[in-house]
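Inside the fold
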Amino acid sequence: MSETHTSVPAPDSHCSSCGTPYGEGVSGWPRTCAACGTVAHRNPLPVAVALQPVYDTKGTALVVITRTVAPARGGTALPGGYIDDREDWRRAVVRELKEETGIDAASRDVRLADAMSSPDGHLLLFGLLPERPVESLPPSAATSETEGWHLLRRPRELAFPLHTLAVRAWFEGRYI
């Protein structure tokens, strides 16, 4: 009786969406599949979300974005995304804010406003930044993931239910 041995691919060596091998020299996270374009994260469950309050002559508001990528393409959301492998969650909050809005912030100024779990198992960490004047922000401009930023002056339904809950809590003064 002879044994049949099958080769087992190395962990994380193939795209989890289409099965294409990443190829020689691909390392680090996140990584993009050359065949299907799927972006893979080492641990895609923790999500960092920015609550950036601003003020002007009309009062206070939160910075939000309009998404140009799935999921929820075309929807309004808070700036946010996956925390990279070994990345501090506060750094992820300011990185996502910068990537999606062009707004700079310091990770030392981020404080945890809330942590919520979605029904599909995602953990969202909502980082609250200090309130700042609207005039101090860069002009709104489209990014690779958004149509740019705009202001939310009152709570309303957003693209993601937990974003809606966090926005409502902020406007109700529960994160001050």
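Residues numbered from 1 in each chain as written. Predicted model: local features only at pLDDT ≥ 70, side-chain atom pairs only at ≥ 80, totals over all residues. Heavy atoms only, no water.

For the protein chain, an unreviewed UniProt entry supplies the name NUDIX domain-containing protein and the organism Streptomyces composti.

Here we take up the overall build of the protein chain. A tally of regular secondary structure across the protein chain gives two helices and eleven strands. Starting at the N terminus and ending at the C terminus, the protein chain contains elements arranged as β-β-β-β-β-β-β-α-β-β-β-β-α. Each principal axis of the C-alpha atoms in the protein chain carries an extent, and together these give about 80 × 30 × 30 Å. Within the protein chain, buried positions represent 40% of all 176 residues. Within the protein chain, residue pairs in contact and separated by at least 24 positions form 56% of the contacts whose partners lie at least 6 positions apart. Counting only carbon and sulfur atoms, one obtains 52% of the accessible surface of the protein chain, whose full area is about 10,100 Å². The averaged location of the 21 negative side-chain charges in the protein chain is 5 Å from the averaged location of its 18 positive side-chain charges. (Helix = DSSP H or I, 4+ residues; strand = E, 2+ residues; numbered from the N terminus. Buried < 20%, exposed > 50% of the residue type's maximum accessible area, 1.4 Å probe, protein only. Contact = heavy atoms within 4.5 Å. Areas by Shrake-Rupley, 256 points an atom, 1.4 Å probe, with all protein chains shown as cover. Lys, Arg positive; Asp, Glu negative; His and termini not counted. Charge placed at Lys NZ, Arg CZ, Asp CG, Glu CD.)

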